[in-house]
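Observations on the three-dimensional arrangement
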Amino acid sequence: MTKLRELYINGDWVEGGQSVTNVNPSDTADVIGEYAQASVDQVHQAIKAAHNGLAEWRQSGLEERYRILMAIGDELIARKDELGRLLSREEGKPLAEGAGEIYRSGQFFHYYAAEVLRQIDERVDSTRPGIEVETYREPVGVVGVISPWNFPMATAVWKIAPALAFGNAVIFKPANLVPASAWALTEIISRQPLPAGTFNLIMGSGSSIGDALISSEQINAVSFTGSLEVGRRVAAATAGNLVKCQLEMGSKNALIVADDADLDLAVEAAFAGAYSGTGQKCTASSRLIVTDAVHDAFVDKLLKRLASAVVGGALDEGVQIGPVVDQRQLESNLEWIERGKQEGARLIFGGKRIQDRSEGYFMSPALFVDTRNDMSINREEMFGPIACVIRVRDYEEAITTLNDTHFGLTAGIITNSLKIASDFKKRAETGCVMVNLATAGTDYHVPFGGRKHSSFGPREQGRYAREFYTVVKTCYVKP
Ligand SMILES: NC(=O)c1ccc[n+]([C@@H]2O[C@H](COP(=O)([O-])OP(=O)(O)OC[C@H]3O[C@@H](n4cnc5c(N)ncnc54)[C@H](O)[C@@H]3O)[C@@H](O)[C@H]2O)c1
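Cut-offs used in this document
One numbering rule holds for all chains: residues counted from 1, following each sequence as written. Reporting in this predicted model follows two pLDDT cut-offs: at least 70 for local features of residues, and 80 or more for side-chain atom pairs to be given and counted; totals over whole chains, interfaces and linings ignore these cut-offs and use all residues. Note that water and hydrogens are dropped before the side-chain values are worked out from all heavy atoms of the structure. Confidence of the prediction at every residue is given by pLDDT, a number between 0 and 100. In this analysis an axis means a line fitted to C-alpha atoms, helices contributing only their contacting stretch, and an angle means the value between N-to-C directions, from 0 to 180 degrees. Helix and strand labels come from DSSP, where a helix needs a run of H or I of at least four residues and a strand needs a run of E of at least two; each type is numbered from the N terminus. Roughly parallel means an angle under 35 degrees; roughly antiparallel, over 145; roughly perpendicular, 65 to 115; everything else is oblique. Handedness of a crossing is defined here by the sense of rotation of the near helix relative to the far one, left-handed for an anticlockwise turn of less than a right angle and right-handed for a clockwise turn. Whether two residues touch is decided by their heavy atoms; if any such pair falls within 4.5 Å, the residues are in contact. For the domain bounds, the source is a domain assignment made automatically or taken from a database. By buried area we mean the combined loss of accessible area, with a 1.4 Å probe, across both parts when two parts are placed together. Counted as a polar contact is a pair of N or O atoms within 3.5 Å, where, for protein atoms, one must be capable of donating a hydrogen and the other of accepting one, and residues adjacent in sequence contribute only when both atoms are in side chains. Here, strands pair whenever DSSP counts at least two bridges between them. Working definition: residue near molecule or strand if any one of its non-hydrogen atoms lies within 4 Å of it. What sets the accessible areas is the Shrake-Rupley method with a 1.4 Å probe; for residues, cover comes only from the shown protein chains. We call Phe, Tyr and Trp rings a pair once their centres come within 6.5 Å, taking the six-membered ring for Trp, and we label the pair stacked below 30 degrees between planes, edge-to-face above 60, and tilted otherwise. Burial classes: relative accessible area under 20% of the type maximum marks a residue as buried, over 50% as exposed, and values in between as partly exposed (1.4 Å probe, protein chains only). By this rule the span expected of a helix is its residue count minus one, scaled by 1.5 Å. What the arc measures is the spread of directions leading from the helix axis to the C-beta atoms. By convention in these notes, a salt bridge is any Lys or Arg side-chain nitrogen within 4 Å of a carboxyl oxygen on Asp or Glu.

Quick look at the confidence of the model for the protein chain now. Close inspection of predicted coordinates is inappropriate in any region flagged by low pLDDT. Put simply, the protein chain has an average pLDDT of 97, and 99% of its residues get 70 or more. At the level of chain-chain contacts, confidence expressed as ipTM amounts to 0.97, with global pTM at 0.98.

Okay, the packing of helix α3 (residues 80-91) against helix α4 (residues 95-116) next. Viewed as axis vectors pointing N to C, α3 and α4 meet at an angle of 120°, and their least axial separation amounts to 7 Å. One finds that α3 runs oblique with respect to α4. Between α3 and α4 the crossing geometry is right-handed. Between α3 and α4, the residues in contact are Lys-80, Asp-81, Leu-83, Gly-84, Arg-85, Leu-87 and Ser-88 and Leu-95, Gly-98, Ala-99, Glu-101, Ile-102 and Tyr-103, respectively.

Attention shifts here to the domain arrangement of the protein chain. Assigned domains of the protein chain: these are domain 1 (4-249) and domain 2 (254-435). Look at where the C-alpha atoms of domain 1 and domain 2 centre, and you get two points 31 Å apart. On the domain 2 side, the residues contacting the 20 residues of domain 1 number 24 residues. In terms of surface lost to domain 2, no three residues of domain 1 exceed Pro-25, Ser-26 and Trp-149, which account for 28% of the buried area on that side. There are 5 residue pairs in polar contact (both at pLDDT 80 or more) connecting domain 1 and domain 2. Within the residue set of the side of domain 1 that touches domain 2, elements represented by two or more residues are β5 (27-37), α3 and α4. Here the side of domain 1 that touches domain 2 takes 4 residues from α3, the largest share from any one element.

The antiparallel open sheet is built from 3 strands, whose spatial order is β6-β7-β21. Looking at which strands have only one partner, the edges of the open sheet turn out to be β6 (122-125) and β21 (470-477). When strand polarity is set aside, the average angle formed by the axes of neighbouring strands in this sheet is 25°.

As a structural note, the neighbourhood of the ligand is formed by 26 residues, with Ser-147, Lys-173, Asp-211, Ser-227 and Glu-381 the closest of them. One of the backbone nitrogen or oxygen atoms of Ala-175 is found 3.4 Å away from an oxygen atom of the ligand. Between a nitrogen atom of the ligand and a main-chain N or O atom of Met-249, the distance comes to 2.8 Å. In the complex, the protein chains occlude 88% of the 850 Å² of accessible area that the ligand would expose alone.

Another point: the packing of aromatic side chains. Overall, the coordinates contain 11 aromatic pairs when judged by the stated rule. Centroid distance Tyr-111 to Tyr-112: 4.9 Å. Interplanar angle 85°. Geometry classified as edge-to-face. With respect to class, Tyr-111 is no different from Tyr-112; both count as buried. Here the aromatic rings of Phe-468 and Tyr-469 are separated by 4.9 Å at their centres, their planes lie at 90°, and the arrangement is edge-to-face. Relative accessible area serves as the criterion here: at 0%, Phe-468 is assigned to the buried category.

Here we take up helix α11 (residues 327-342). Along its 16 residues, α11 runs 23 Å from first to last C-alpha, staying within 8% of the 22 Å computed at 1.5 Å per residue. For α11, the set of buried residues is Gln-329, Leu-330, Asn-333, Trp-336, Ile-337 and Gly-340. Projected down its long axis, α11 carries its buried residues within an arc of 115°, all on one side. In α11, the exposed residues that point more than 90 degrees away from the buried face are Arg-328, Glu-335 and Gln-342. Tucked into the core, α11 has its buried residues touching β15 (346-349), β16 (366-369) and β17 (386-392). Positive phi appears at Gly-344, one or two residues downstream of α11, with a value of about 105°.

Considering the arrangement of structural elements, one finds Gly-61 in the loop between α1 (40-57) and α2 (62-78). When the C-alpha positions of Gly-61 and Val-116 are compared, they lie 9.8 Å apart, and in sequence the two are 55 residues distant.

Scanning the model with the defined rule gives 29 salt bridges in all. Residue Arg-79 pairs with Glu-75 through a salt bridge whose shortest N-O separation is 2.7 Å. Residue Asp-125 pairs with Arg-123 through a salt bridge whose shortest N-O separation is 3.7 Å. Beyond isolated ion pairs, a larger network of salt bridges with shared partners links Glu-75, Arg-79, Glu-82, Glu-187 and Arg-191.

Along the chain, Asn-333 falls in helix α11. Exposure remark for Asn-333: the relative accessible area of 0% places this residue in the buried category. When neighbours within four sequence positions are excluded, Asn-333 is seen to be in contact with Val-324, Met-363, Met-382, Phe-383, Gly-384, Pro-385 and Ile-386.

See below:
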C-alpha cells in the first residue's frame, strides 16, 4: 500500500481527514502517491501555529535566517534531477524543464538569503528639534501562500523564500493536482531549525481549504497565483477582512512578428512561447500577431516546426511537448478547438487528442490562422498548446491589437528595428516586455508581474518582494 504523505502543521507531520491519489498525466497507471487532505479545522490549527512560530522567527538573527535559506537552496540545487523528475512526473513538463524549475527554485532561496542581509532601514532628522526618526521594516505576519499547478515548485518558492527571509510565518496551500512537489519542498524545510509553526503545509481543495485560509481574519497577508476567477474571489475575501493581498493571474500574451523580423527567430520564439510547457504557462504566447508582409512565410515556417515537434511522455528522452495536466484540462482544450472553428478561425495544424497514447492526456499542438482579435479564442485564456495567428497590416495595427485585451502580463516582438523595439517597450501595456525573445522565460532577480487583470497588488520577485512581505514602521524618539 502507498505510504500516506501527511500535512505539516506546527512542526509535526499529521494525517488529514481524507486523501487524494496523485497520478502521472503521461501515464495514468503510474500512481505517484497518496496525499493527505486537511480539514477546515486543521487550517485554523495551522493559522494558530503560524502565529506562535512567527513570534519566535521574527526575532531570529539575520545570520540564522541566511543560513537556513541558503541550506534549502543548496539542497534543491543538489537534488534538481531527482526532484525535477518527480515534478515532471506529476505535472507533465519535459524532464529538462522539471529539473530547471527545481534549480531555479534553489536560486530563489539563495537570492532571498542574500536579501536577508540587505537592510534598507533609515534614520533621518526630524522636522522638530531634539527628536530622532527611524523608519524600518517589520514582517507582515502570517502569510497564506496559494500556488497553481503549472509551476508546482517555482511559484510556491518565489513566495515562500521572501516570506521567510523577511521574518514571516507561512501557511502553504499548493494546488491539489501537484502535491508531490509541495510535499518534497516541505520535507526539506522541515529539517531546518525553524521554530515550530513557522512553516505549515495544508493540502486540499481550493474551494474548501483554500477558501478557509483566505477567509480567515487571523492571517495578515495572502500571496496568490492562479486563475482570474479565483483571484477575484481571493481579492474579495481578503478585502472584506482588510488583509493584504497580492495576485498573479492569467493572461493572453501576444508575440508580434514585424515586417523586418528574422523569421527563423520568430518561429523559435513562437514555438517556445506558445507550446513549451504544453502551453500551460501564464506567459504563453497564445496570440501571434503577424504583419501582412511576412504572414505567409512565417506561417509556413511555423507549420514545418510544428510538424517536427516531439509530443510524448514527460520522462521520455527528446520530448518537447508533454501531456496536458489532466482530463478536465484536455477536454477544455478540445472544446476551445471546436469553439475556434465555430467562430470562423481556420485550424491548420493539430488540435486533436493523440489516441495511440491513450494512457496519458496527450494532444497535438494546435495552430489557428484567419483569427480576429475579437474572437473568444483571442480574448480568454485557454491554457493549452493552442496558438492563434492574427494577420495585421503593419506595426501600428499590431501594437493596437496587442493592447486590445483585458490582460497584461507579457508581450514580445521580433524585429531588427531599434526604433520599433524602443517604441514597443514603451507602448506595450504589460508588466514584462521581450524583444527578440519568447514571451515566456524570465529572470529571478527582477520583478515579475503584469497589469490589468493579470496582476493585482505589489510586485513579486527581486527586491520588489520586500514591499509585500514587510510593513513599514516609523519610530519617533526624544532621547
Ligand atoms: N501570473 C502568474 O505569475 C501565473 C503563474 C502561473 C500560473 N498562473 C495562472 O494560474 C492558472 C492555472 O492554475 P490553476 O488552474 O491551479 O489556477 P486556480 O485558480 O484554479 O487555482 C490556483 C490555486 O488556488 C486554489 N483555489 C481554488 N479556489 C480557491 C478558493 N476559493 N479560495 C482559495 N484558494 C482557491 C487552488 O486550489 C490552487 O491552489 C492560469 O490562469 C495561469 O495563467 C499565473
